[in-house]
Amino acid sequence: MGEPGAVWAVAVLPPVVAGLALGAAGWDSVLAARDAGRGRALRAAADPLREAARLLLRPPRTVAAADRLLLRAGVVLLPAVALLAAMVVPLGNAMVMDPAVGVVWFNAVEVAVWAAVWLVGWGSNSAFGLVGGYRFLAQGLAYELPHMFALTTVGLGAQSLRVGEIVQAQQGLWFVVWMPVAFAVYLLSVLAMAFWGPLAHPVADDAAGGAAVELSGPDRLFFLAGRYALLAVAAAFAVPLFLGGGAGPLLPAWAWSLVKTAVVLGGLVWAGRRFPVVRMDRFAEAAWTVLIPAVLVQMLVVGIAVL
Amino acid sequence: MGVVVFWVLAAGAVAGGIAVFAVDSMARATFALLLSFLCVGAELLLIGLPYLGLLVVLMMIMEMLIMAVFMVMYMMNPAGLMPMTMVHNRRGSAAVSAAVFAALAAGALLTPWPERRGVPAHDTTFALGEAVMGPKMAVMMLVGVAILATMITSVVLATGRGRYDRHGDRLDARRPADPGRGAP
């Protein structure tokens, strides 16, 4: 499968991730403008660019005794996580690398979001920021196990942890058809890891913006852009895992990858606007009493089918 | 190339370990330790154990973040927001750590390491899985159940608000008596 390690894939990766992140932000702005009843909502698609320019130009505000080192580490870590995770996400047949344990690579990298959000919350030297950082850890304990089991189910179905072989295993039937529970759990965990929409409690308004409360200027830009990039990359990873990768008629494989990613990403952004924020302790209860048993049963079914 | 990367990672791991005791904040100490562990995980990647290496990275990030919560919670100054030091009883601890280091280094240098027999497995991940699910199955089952039992026991002992507190003595309360009462 594919041509991992292609030099051009390395060069293409950052612009594609940035484009998807910008697209997600633009789509979110359009939805916001429509919800607010503003006329010609589509024109709001350029809002994120304007906001980015504003954040770049505005002098950053600093809090006394903030731990700058840890704050910056967290702010930079978020987009870095998105880029590192994207290295095992195929665009059509091309990917930066296709290691034998690609799924584990994605999981190990994505977990660094825990560190990023907590570092930002702690480093701000703000009570609300710290509350947001702790909220994300609680949310992490809730989403990470169902997320891992969903990934394990895919690996079990394909009998491989290599992303290329997972795509190949779906040539007959997409995994979403016979692993719908794992797919749903994966999408939910994407919302949780990007603290987006109903699972945005770590940066929720009831804590004045939570972990991101004291971020301003370029720091805020990096943090928000990294969050959109993470959402985009995690949505893009659903395509090789569940939606047959670049498979599809007429269009080339890379185009199908992009189309499927756009649909998943657009749906996630839309869901983020559609549902209210869930408190992380409620989410934790649901995750441990509903999601984990459900995805374990899914894994059992897949395991029996594979045998 | 591999040798250079090995030594850079090894130096990074040791430097991270030293930084734990040099910094004045519990948060920084935690992340210095995490950095040290990440270097060790990368060493495992380097010697051709990708699954174990990534697992170390994955588990250490999660573990150190949870540990940060507890380290900050139990540290000696209020809220952990003031400068602190990880070092107490300087002379004694220096002596103990020097002795332990000398013993470990002597062990590593003096042990007659066996010659390699056979060749490494083609797919180390697969070989690991076979070992865990095959000859080491009984041990893994026992350890797994023991760890799970320990976790459940400690949570049961530690929690001040279990399901009987939330759902009543007969577990029939439709709405749990939680401190933050939102919508049902």
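The model shown is predicted, which means the values in this text are computed figures rather than measured ones. (Residues numbered from 1 in each chain as written. Chains lettered and ligands numbered in written order. Predicted model: local features only at pLDDT ≥ 70, side-chain atom pairs only at ≥ 80, totals over all residues. Heavy atoms only, no water.)

## Comments concerning the overall build of chain A
Piece 1. Within chain A, the regular secondary structure consists of 12 helices and 0 strands.
Piece 2. In sequence order, chain A lays out its α and β elements as α-α-α-α-α-α-α-α-α-α-α-α.
Piece 3. Taken over C-alpha atoms, the radius of gyration comes to 19 Å for chain A, in line with the 19 Å a tight globule of 307 residues would show.
Piece 4. For chain A, the spread of C-alpha atoms along the three principal axes comes to 60 × 40 × 40 Å.
Piece 5. Counting the 307 residues in chain A, one finds 56% classified as buried.
Piece 6. A separation of at least 24 residues holds for 79% of the contacts in chain A among residues at least 6 apart in sequence. (Helix = DSSP H or I, 4+ residues; strand = E, 2+ residues; numbered from the N terminus. Rg over C-alpha atoms; globule rule 2.2 N^0.38 Å. Buried < 20%, exposed > 50% of the residue type's maximum accessible area, 1.4 Å probe, protein only. Contact = heavy atoms within 4.5 Å.)

## What about the nonpolar core?
Piece 1. Residues Tyr-186, Leu-241 and Phe-242 of chain A are the most contacted members of the largest nonpolar core, which totals 114 residues.
Piece 2. The element best represented in this core is helix α10 (residues 217-242) of chain A, accounting for 15 residues. (Core = buried A, V, L, I, M, F, W, Y, C linked by side-chain atoms within 4.5 Å.)

## A look at the packing of aromatic side chains
Piece 1. Under the definition given, this model contains 12 aromatic pairs over all chains.
Piece 2. With a centroid separation of 5.5 Å and 80° between ring planes, the pair formed by Phe-136 of chain A and Phe-195 of chain A is classed as edge-to-face. Linking Phe-136 of chain A in helix α6 (residues 127-158) with Phe-195 of chain A in the loop between α9 (180-193) and α10, this pair joins segments that are 59 residues apart in sequence. Across this residue pair, the class does not change: Phe-136 of chain A and Phe-195 of chain A are buried.
Piece 3. Between the aromatic rings of Phe-6 of chain B and Trp-7 of chain B, the centroid separation amounts to 5.4 Å while the plane-to-plane angle is 85°, which identifies the pairing as edge-to-face.
Piece 4. We classify Phe-6 of chain B as partly exposed; its relative accessible area is 35%.
Piece 5. Here the aromatic cluster, defined as three or more aromatic residues joined through ring pairs, consists of Trp-118, Trp-122 and Tyr-134 of chain A together with Phe-31 of chain B. (Phe/Tyr/Trp six-rings, centres within 6.5 Å; stacked < 30°, edge-to-face > 60°.)

## Side note on the confidence of the model for chain B
Residues and elements named next belong to chain B.
Piece 1. Of all residues in chain B, 93% have pLDDT values of 70 or greater, and the mean over the chain is 87.
Piece 2. When the elements of chain B are averaged for pLDDT, helix α7 (residues 163-167) gives the smallest value, 83, and helix α2 (residues 26-46) the largest, 94.
Piece 3. The ipTM for the predicted assembly is 0.90, set against a pTM of 0.90. (pLDDT = per-residue confidence, 0-100.)

## Here's the deal with the side chain of Glu-110 of chain A
Piece 1. Relative to the assigned elements, Glu-110 of chain A resides in helix α4 (residues 102-110).
Piece 2. Despite its burial, Glu-110 of chain A pairs with no opposite charge; the closest candidate is Arg-227 of chain A, at 14 Å N-O. (Lys, Arg positive; Asp, Glu negative; His and termini not counted. Salt bridge = Lys/Arg side-chain N within 4 Å of Asp/Glu carboxyl O.)

## Some remarks on the interface of chain A and chain B
How big an interface is tends to be stated in terms of accessible area lost as the parts join.
Piece 1. Between chain A and chain B, the contact holds 24 residues from the first and 25 residues from the second.
Piece 2. Summed over both sides, the interface between chain A and chain B buries roughly 2,200 Å², with carbon and sulfur atoms accounting for 78% of that surface.
Piece 3. At the boundary of chain A and chain B, one finds 2 salt bridges.
Piece 4. Between Arg-166 of chain B and Glu-285 of chain A there is a salt bridge whose closest N-O contact spans 2.8 Å.
Piece 5. In this assembly, chain A and chain B are joined by 2 residue pairs in polar contact (both at pLDDT 80 or more).
Piece 6. Among the elements that line the side of chain A that touches chain B, the one with the most residues is helix α5 (residues 112-123) of chain A, at 6 residues.
Piece 7. Its residues placed into classes, the side of chain A that touches chain B shows 18 nonpolar, 1 polar and 5 charged. (Buried area = accessible area lost by both parts, 1.4 Å probe. Polar contact = N/O pair within 3.5 Å; in protein donor to acceptor, adjacent residues only side chain to side chain. Nonpolar A, V, L, I, M, F, W, Y, C, P; charged D, E, K, R; others polar.)

## Overview of unusual backbone geometry
Residue and element names in this part refer to chain A.
Piece 1. Backbone geometry at Asn-125 places phi at a positive 55°, although glycine is not the residue there.
Piece 2. Relative to the assigned elements, Asn-125 resides in the loop between α5 and α6.
Piece 3. With a phi close to 65°, Leu-250 is a non-glycine residue in the positive phi region.
Piece 4. Along the chain, the position of Leu-250 falls in the loop between α10 and α11 (253-274).

## Looking at the layout of surface pockets
Residue and element names in this part refer to chain A.
Piece 1. Roughly 1,200 Å³ of volume is contained in the second largest pocket.
Piece 2. Lining the second largest pocket are 43 residues, and of these Ala-25, Leu-224, Ala-225, Arg-227 and Tyr-228 sit closest to its centre.
Piece 3. At the level of elements, α1 (7-35), α2 (47-57), α3 (68-86), α10 and α11 are the ones that each hand at least two residues to the lining of the second largest pocket.
Piece 4. The element best represented in the lining of the second largest pocket is α10, accounting for 10 residues.
Piece 5. Looking at the lining of the second largest pocket residue by residue, the classes come out as 31 nonpolar, 5 polar and 7 charged. (1 Å grid on protein atoms, 1.4 Å probe; cavity = no way out; pocket = protein on both sides within 12 Å on 5 of 7 lines; lining within 4 Å. Points joined across faces, edges and corners; volume = space filled by probe spheres on them.)

## Here's the deal with the environment of Ala-229 of chain A
Residue and element names in this part refer to chain A.
Piece 1. Looking at the element boundaries, Ala-229 is found in helix α10.
Piece 2. Since its relative accessible area comes to 8%, Ala-229 is described here as buried.
Piece 3. Residues Ala-229 and Ala-150, spaced 79 residues apart in sequence, show a C-alpha to C-alpha distance of 21 Å.
Piece 4. Ignoring anything within four residues of it in the chain, the contact list for Ala-229 reads Val-17, Ala-21 and Ala-82.

## Quick word on the side chain of Ser-189 of chain A
Piece 1. Within the secondary structure, Ser-189 of chain A sits in helix α9.
Piece 2. Ignoring sequence-local partners within four residues, the contact set of Ser-189 of chain A consists of Tyr-143 and His-147 of chain A.

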